[in-house]
Amino acid sequence: MSRIRSVAALPALDRRTLLAATGAVSLSVGVGFALRPDAPAHAATTGQEPVADSLAHTGARSTAVRPPAPAAPAPYTRGTTLRSVAAPRSGSTGYRRLGDGRGWTRILRDELAAAKSGRADRRTTLAAFVQLTDLHLVDAQHPLRLEYLRARNKSAWRPQETLTVAGAVSLVERVNSLRGAPVTGSPLHFVMTTGDNTDNNSKTELDWFLKVMSGGRITPNSGDPRHYEGVQASGLKTYWQPDAALRDADKQLGFPRLPGFLEAAIREVRSPGLKLPWYSTVGNHDALPLGCYGSRGDSYLTDFAVGGKKLMSLPDAECTALAKSIKDGSSPKGTALRDLLKSHARQMRSVTPDENRAPFTPTEYLRAHLDPAHTGPGPIGHGYSSANLAAGTQYYTFRIAEDVIGVSLDTTDPGGHYEGSIGTAQLRWLERTLRENKDSYAVVFSHHTSKTMRNRHADPAHPAEKRHGGDEVVALLASFANVLAWVNGHTHKNEIIPHAVPGNRSFWEICTASHVDFPQLARVIELVDNKDGTLSLFTTLVESAAPHATDFSDLSQTGLAALYRELSFNAPGARTDLSGASRDRNTELVLKKG
C-alpha cells in the first residue's frame, strides 16, 4: 500500500476535528464513518445504476462524537470461545443437557504468507469489528411456513424457532459486554450483520430485527395477541408439544415437557440494542418469501401470508416433491407451493389473520432501516441511504478506518432460489469501487459465499442483465491487491478459505456459523499491520450471553435464551459439523501485502 497508518496511533482529537471539518459522521472512537441517507448518489457511468457510496462525498453534517472507550487489557479470553464453549455434560444419545465445555484454541494459518517472529511486539491495529450472521428471526406462526416438510426431513422444522428473538437479544448483550478486541484490546468499531436477519421476509420479523439491533420492546407473537397458534400447540406428534402431555416424536427422544413454555415464548422481550454502530447486509431470507421464492407478484401467496388459514401436515410423497422443487430451483416463483396449498384447502387449520405478516419489498426494507426510530447508535440507515432508494439497490460502501473501506454486496437473486449471484451493474460497481480506493484496504461483506453463488435466474426488474457467480467475484477480488477479506454467512457453518493469488493479491474468505443453529455464534475480526510486510486478521468466535446450563423452571428472558441454545443442540436432524474445524474458528490469518 502507498500509505499505512495504524488507527490506534492517530491523534484522536485531530482526527475528529478533521472529520468534523469534512462533514464525515464519526461512528466510534473517531474510526468508522458513514454518511447521512440523503447524500447524493455516486456518479454512475453509462449503463450503471447509482448506488450509495459514503466514500465519494464529504457534504454530510457532523454529529457528536462519543468519548472513546478505554482500551481493554489484551489479550483476553473472557466472554469468548477461547475461554469456554457450550458442550454436552454427559451421555451420547437422547436429549443432552449443556454445560461449560473446553474453549477453542487459536490456530495460526500461514497458507498465504509466512508468519514472522516478533510480530506481536510490532503490530498496530487497523480496525476491529463484530460480524453477526443468519439471525433468522422467525415469526413461528406465519401461515406460509413449511413446517410440514418435517415429515420427510427432521431438520425442516426446529424446536427452538419460537425463541429466536430471546436468543438474538442475548447475543446483543454479549457483544455489548466485550471489552474491546480480544487480541489487541482495540476498541470495537462497528457490528456488521451479513444477512438472513429475518426468516420469512415478513414485516413482523423485520420490525423485531430492527428493535433487537437498535433497542426496544418486542412481542415475538403474531395473529392472536393472547395465544400461540402454531404447530407446537397443534396436537400433532410431528412437532414438539412443550406444554402438552402428548408423547410426541421429540419427547420420545427425551425432550422435556415444559408447561407455560408457549406463553413465555410470546411474552414481551426487551433489547438494550447494540452500543456499537451497526451496518446491515441483505440475505435471501430477507429478500424472498421463505428465502427461496421470487413470488411477490403472486397475489395468492401474498394474501395467504396474512390470511386465516395454515397447513400443518402433508403426505410424505408431496413433502418430497415440494422439497425437491425448492432444492433444484425448478419453481423459483413459488408456483409449486401455490398449487399445493390450493389443493389442500380443506386440510388447513384456522388461525388469526394478521396484516403485519405481509412480505416486505426491497423498498420497504430500506425505508425501515432509514426510519429514525431504528437509528439506535447509528449510522442513519445502517449503511443504506436515499441513494439506494432512488436507484433500487441494496449495496453500498462505507469507511471503516482511514486506510480501510467496507463494501456491502447484495448477493440475493430476485428471480428466486436460495443460492445467490450478482448482476453486471453491481459487479462493475464493485470493480470501480476497489479501483478508486486502491490506496485503502478493503473488506467485502455479503450474505452468500463464493461456493453458494451459482444461481442464474434473471432479475425480473432487469431481465436482460447477466447474473454472475462466486467464481467471477473471486476473480475480481483477486485482481486487486487491496482486498484483505470477504466476510459472509449463509451456510450456517464456520469455514475460512484461503484464496492464493500471485503479486500480493491473496485474500481470506471468512464464513461464520449462524445464530439459529447450534453452535449459535458471532465473530470478532481484528485487522493488524505487523510492520514486516504482512498483515494479520484475528478471528475470535463468541456465543450469546446466556448461561450454558439451562433450568427448565426458568422461563425468564435469560432462561429462554439459554434454552434456545440447548434446544438447537438437540434438534432432531441438526447437522453436527457447523462448528467447522479448529482452523475455521479462532485464528490468526496472515497475509502479505506490499
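For the structure itself, consult the block above.
Let me begin by describing the structure that accompanies this report. (Residues numbered from 1 in each chain as written. Predicted model: local features only at pLDDT ≥ 70, side-chain atom pairs only at ≥ 80, totals over all residues. Heavy atoms only, no water.)

Quick look at the overall build of the protein
Argument step 1. A count of helices and strands for the protein gives 14 helices and 24 strands.
Argument step 2. Sequence-distant contacts, at least 24 apart, represent 77% of the contacts inside the protein between residues at least 6 apart.
Argument step 3. Surface summary for the protein: the accessible area is close to 21500 Å², and the carbon and sulfur share equals 52%. (Helix = DSSP H or I, 4+ residues; strand = E, 2+ residues; numbered from the N terminus. Contact = heavy atoms within 4.5 Å. Areas by Shrake-Rupley, 256 points an atom, 1.4 Å probe, with all protein chains shown as cover.)

Observations concerning the layout of surface pockets
Argument step 1. By volume, the largest pocket amounts to about 1300 Å³.
Argument step 2. Taken together, the elements giving at least two residues each to the lining of the largest pocket come down to helix H6 (284-287) and helix H8 (316-328).
Argument step 3. For the lining of the largest pocket, a count of residues per class yields 15 nonpolar, 14 polar and 13 charged.
Argument step 4. Empty space within the second largest pocket amounts to approximately 610 Å³.
Argument step 5. Along its surface, the second largest pocket is lined by 31 residues, and Gly392, Pro414, Asp459, Ala461 and His462 are the ones closest to its centre.
Argument step 6. Breaking the lining of the second largest pocket down by element, the ones donating at least two residues are strand S16 (422-423) and helix H12 (424-436).
Argument step 7. Sort the elements by how many residues they give to the lining of the second largest pocket and H12 lands first, with four residues.
Argument step 8. Along the lines of polarity and charge, the residues of the lining of the second largest pocket split into 10 nonpolar, 12 polar and nine charged. (1 Å grid on protein atoms, 1.4 Å probe; cavity = no way out; pocket = protein on both sides within 12 Å on 5 of 7 lines; lining within 4 Å. Points joined across faces, edges and corners; volume = space filled by probe spheres on them. Nonpolar A, V, L, I, M, F, W, Y, C, P; charged D, E, K, R; others polar.)

Focus: unusual backbone geometry
Argument step 1. Between Gly378 and Pro379 the backbone carries a cis peptide bond, its omega angle lying at -10 degrees.
Argument step 2. Relative to the elements of secondary structure, Pro379 occurs in the loop between helix H10 (362-370) and helix H11 (386-391).
Argument step 3. Residue Phe518 is joined to Pro519 through a cis peptide bond whose omega torsion reads 20 degrees.
Argument step 4. Its identity as a non-glycine residue notwithstanding, His417 has a phi of 90 degrees, on the positive side.
Argument step 5. In this fold, His417 is placed in the loop between strand S15 (404-408) and S16.
Argument step 6. Overall, the relative accessible area of 10% leaves His417 in the buried class. (Buried < 20%, exposed > 50% of the residue type's maximum accessible area, 1.4 Å probe, protein only.)

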